[in-house]
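# Geometric and topological summary
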Amino acid sequence: MNFAQFAENFLQALSAGLLTGAVYGLMCVGLSLIFGVMRVINFAQGDFMMLGMYVAFYAFGLFGANLAFGAALAPYVAALIAGPVIFVAGLVVHKLLVSRVSGIRGSALESEGHYAQLILTLGIALIVQNGGLWVFGSAPVSITTPLSSSAWEVGPLHGDLVSIFVNQGQTVAAAIAVLAVLAFVLVMSRSRLGKSLRAAADNPEAAIYMGIDVDKAHRLAFAFGVAITAIGGGLLASSYPFQPYVGLEYVIVMYAGVVLGGLGSVAGAFFGGLTIGLVQQLSTLVLPNQLQNTAIFVVFLVIVLLRPQGLFGRAARRT
Amino acid sequence: MSPAGRKLPGPGFAILLFGIAYAVATAFVSNSYYQLIMTVVPVWAVMGLAWNLLSGYSGLVSFGHAAFFGLGAYFVALAQIHWGLTPWIGIPLAGVLGGIAGLVVGLPTFRLRGHYFALAMLAYPLALLYVFEWLGYQELTLPMQRETPILAMQFADHRVHAFIALGLMLSAMGLTSRLERARFGLSLVAIKQDEAAAEAAGIDTLRWKLKAIVLSGALAGVVGGFYAVVLLVVTPPAVFGMLVSAQALIVAMFGGVGTVWGPVIGAVVLVPLSEILHARLGNVIPGIQGVVYGIAIVAVILMAPEGVFWRVKDLLLRRGSKQTLTPDGPAAAKTPIADRPERADGKPVLQLRNVSKAFGGLKAVQDVSFEVANGEILGIIGPNGAGKTTLFNLLNGFIAPDQGEVRFEGRNIVGEKPYRICASGIGRTFQVVRPFRRMTVEQNVVVGAFVHSASDSEAQVIARAALVEVGLEAHARRLAGGLTNKELRLLELARALAGKPKLLLLDETLAGLGGGDVEEVIAVVRKLAAKGITIVIIEHTMPAMVRLVDRFIVLDHGAVLATGLPTEITRNPAVIDAYLGKRWRTEGA
């Protein structure tokens, strides 16, 4: 392989990595919000993401082509619709299940309920993904739009030798993901809601004394967290086919990103997710396609073993 | 540790009875589908027992036991396809492979705790899943061997498989019930309850965790290999998939963790339920098995987090609540205090030279040097935050100093692990007591005794003696979680004592005790000193300290402010300003 060929492949993988990574980053922000506020490891996060994908899929199917702003943007509107729908699902799941082993009630349990939370959310994941098999069927589906099959050509660069193609659909998805992260950061830093969430995260007990309803803050954090990840899922749905078991792979992708960014740090989570997207796409330069996910798992293992506080994060205990 | 005097039929007897009943039931099953279920139930019971050996006892929850199961399954299948190796040899080798995989996985992963450990374990089977797909093993079919069916474990009568599975299950149960009552089980449970305290009590925590994961991986490898022979088809999702790890975890947690019966109960209830529902409704509801397991584990977590076994046992026995309490034995305070032996040589047993430790910008311990003479009682006092407990953590190996050296009996112990330091003769107690709350008083002390005993029975004897020494022998069978503060302090003393220390580090052993209790604990400390144990004690209760110790060291802001006899220290103006306060001057003068 000559240099120009390699450069082209590399730049192609780099751009694909950045675009996928931006969406991963959004998904990681959702997971990180839940961990940051509630200290709960949500194993079912990938399955809420899967639900988001299907919500986007059905929303697109229902009215996608009829939207005034055209079929091209409809998948992205559908992805955003996944947000509020999964938000409600998150509220219900927290109220009925998660709240019983976390927050104030969790602190009464062994090791502050961490194991109970992990295993409870594992159970939720099993129910959602296998229930999904029943409701949605096992055949992979995807959302097809004109954008997801067209690309901008960048180049030719370096004389006439190198030119890369940037998928238009992925670019729009990545742009929406970045905007969503910025909007989220703004909400967290400016609004009353954001402040109360951060207070509940910093010191739940003090927050209670300050009149903050920590249980409600946790419920909102959980619902926002799964909703944000679901939007990320909806954005991915227009470029990758998916089936009900897809969540499991992304749970590792998300945790890899979140741990890389330092558990609990929102900005870290976004850049962690971005890095994982890059790793995944760049790994295709040296590894066969089927081993993309293996590459992510190996990176994840290396990160937790060597730098559990994350590359960007503050020091945290490995407990 | 069954109660002395009452001869109950051992757990082996119950396991045998259960095995006979299961075998008889199997013999009467003629429908080949139900024969398969009779085979699969023990398979998942063994998988649950494998998971339980590591996660149930040590508390390190594994989400990745499919890695060992899948390696075993693929090994047996590939060995039979490519080398014609009979499963009769292949399955034991799959166990060896599973054990090696356990070691390879455990060595790096045991650096992690809590949910990091669980998530990291999840990554192994999923990574392997893609690797085996990439290798082109999407679907392996074991060849039918019509000439030598028995050699290939291919029986016309499927009940033979069920009997082999039953044999595996009974062996796994026997192994577990032997191990759980021995050093293996107690050490792991101690790790589960308080890893740092276990390490300080002389338990080599990494070694025990590795032993557990090797055994656990071997068991999972064996049963994975057997599963391949039963189903004849091996695919990556079927053996490395999430549901495999989840099923192992769920049958164990549903039935009850940390007991030999838990995984068996879980498998006997859940496996037939999900299989039969799958057979009846599988066409309509394809994911029904996963949903059953999901609902089962959610229900268990919400209603009986320790599993069915413990819940039922609680209901039957009201576990732990009706412990008959005999009145206190001869209180330690009443025993006459022996004279201290003359300090034979006054040679220093512990020497610190220029020891420093900083946490970020905070200099917790700065350039501390002192010696402790053999047989001495040394008191360490100083205001809160003076670095007293940090000093103890440096001495027993919880943290390593940034610089300086710590010599114990002339040997530099800096950088040694806590269990090694404990074994070499430094015992300690904690400022906030750290008993193993869900173990009995006696078991707590037995854990401390393992470090210097070759056999479990020897550990029992040492533990008994230590309990008598502190006057807790009447409470031996109580759960540590139910003790009073004084009893907990004495329990920690006994646990440290069981490790046959030459030097005891006592961290605020008198904290929170009332007047009479203080006297009682002090009497025990004196008694230990009388036996020649060197003691370093951190304490705030000055009147008691003045009477107890031979010499004081005063720490302030991490540095040594003064050293001297009690009479000198209590009159030292710098000490009064920094620590004792002006009232001391007026009252003491």
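Reference entry: report on the structure contained in this document. (Residues numbered from 1 in each chain as written. Chains lettered and ligands numbered in written order. Predicted model: local features only at pLDDT ≥ 70, side-chain atom pairs only at ≥ 80, totals over all residues. Heavy atoms only, no water.)

## Concerning the overall build of chain B
Filter applied, for reference: For helices the rule is a DSSP run of H or I covering at least 4 residues; for strands it is a run of E covering at least 2, with both sets numbered from the N terminus onward. A simple rule labels every residue: compare its accessible area, found with a 1.4 Å probe on the protein chains alone, to the largest value its type can have, and call it buried under 20%, exposed over 50%, or partly exposed in between. Any two residues having at least one pair of non-hydrogen atoms within 4.5 Å are treated as being in contact. Computed with a 1.4 Å probe, the accessible areas rest on the Shrake-Rupley method; for each residue, only the protein chains presented here act as cover.
Looking only at helices and strands, one finds 24 helices and twelve strands in chain B. On the principal axes, the C-alpha backbone points of chain B span a range of 95 × 50 × 45 Å. Looking at chain B residue by residue over its 589 residues, the buried ones come to 56%. Within chain B, contacts between residues at least 6 apart in sequence are counted, and of these 74% link residues at least 24 apart. Carbon and sulfur atoms provide 61% of the accessible area of chain B, an area that totals close to 23600 Å².

## Things to note about helix H9 (residues 205-231) of chain B
Residues and elements named next belong to chain B. What counts here: Any helix carries an expected span of 1.5 Å times its number of residues minus one.
The end-to-end C-alpha separation of H9 is 38 Å, in line with the 39 Å expected for 27 residues at 1.5 Å each. With 20 of its 27 residues buried, H9 lies for the most part within the structure. Looking one or two places after H9, you find Leu232, whose phi comes out positive at around 65°.

## Notes on the packing of aromatic side chains
Residues and elements named next belong to chain B. So the rule is basically this: Stacked, tilted and edge-to-face pairs are distinguished by plane angle, under 30 degrees for stacked and over 60 for edge-to-face with tilted covering the rest, among Phe, Tyr and Trp rings (Trp via its six-membered ring) whose centres lie within 6.5 Å.
Evaluated as defined, the whole model comprises 29 aromatic pairs over all chains. Between the aromatic rings of Phe184 and Trp208, the centroid separation amounts to 6.2 Å while the plane-to-plane angle is 80°, which identifies the pairing as edge-to-face. Linking Phe184 in helix H7 (residues 183-193) with Trp208 in helix H9, this pair joins segments that are 24 residues apart in sequence. Of the two residues, Phe184 and Trp208, neither departs from the other in class, the shared state being buried. Ring centres of Phe398 and Phe430 lie 6.1 Å apart, and the angle between their planes is 15°; on these two criteria the pair is classed as stacked. Here Phe398 is found in the loop between helix H15 (388-395) and strand E6 (403-408), whereas its partner Phe430 is found in the loop between strand E8 (426-428) and helix H17 (441-449), with 32 residues between them in sequence. Assessed through its relative accessible area of 27%, Phe398 is described here as partly exposed. According to the relative accessible area criterion, Phe430 is buried, its value standing at 5%.

## As for the nonpolar core
Quick reminder of the rule: Only buried residues count toward a nonpolar core, which is a set of Ala, Val, Leu, Ile, Met, Phe, Trp, Tyr and Cys residues joined through side-chain atoms within 4.5 Å. Segmentation of the chain into domains, including their bounds, is taken from an automatic or database domain assignment.
Formed by 264 residues in total, the largest nonpolar core has its most connected members in A:Phe43, A:Leu235, B:Phe63, B:Leu249, B:Leu493 and B:Ile535. Sort the elements by how many residues they give to this core and helix H2 (residues 32-58) of chain B lands first, with 15 residues. Inspection of this core shows a minimum of three residues originating in each of domain 1 (11-239) and domain 2 (332-588) of chain B. Apart from residues no more than four positions distant in its own chain, B:Leu493 is found in contact with B:Thr429, B:Val470, B:Leu504, B:Leu506, B:Val521, B:Val524, B:Val525 and B:Leu528.

## Points about the environment of A:Gln117
Position of A:Gln117 among the secondary structure elements: in helix H5 (residues 114-136). Linking A:Gln117 and A:Phe43, residues 74 residues apart in sequence, is a C-alpha distance of 8.5 Å.

## Things to note about the pairing of strand E9 (residues 503-507) of chain B
Residue and element names in this part refer to chain B. Here is the rule we go by: Pairing between two strands is assigned when DSSP locates at least 2 bridges connecting them. The crossover handedness rule: strands pointing away from the viewer, path from first strand over the helix to second strand clockwise, crossover right-handed.
Across the five residues that make up E9, a large majority, five, are buried. Because side chains alternate across E9, one face comprises the buried residues Leu503, Leu505 and Asp507, and the other comprises Leu504 and Leu506, equally buried. The sheet contact formed by E8 and E9 spans three bridges and is parallel. Bridged to Gly427 within E9 is Leu504. Two elements, E9 and strand E10 (residues 534-538), share five bridges in a ladder whose sense is parallel. Across the sheet, residue Leu505 finds its bridge partner in E10, namely Val536. Once you follow E9 into helix H20 (residues 515-530) and on to E10, the crossover reads as right-handed.

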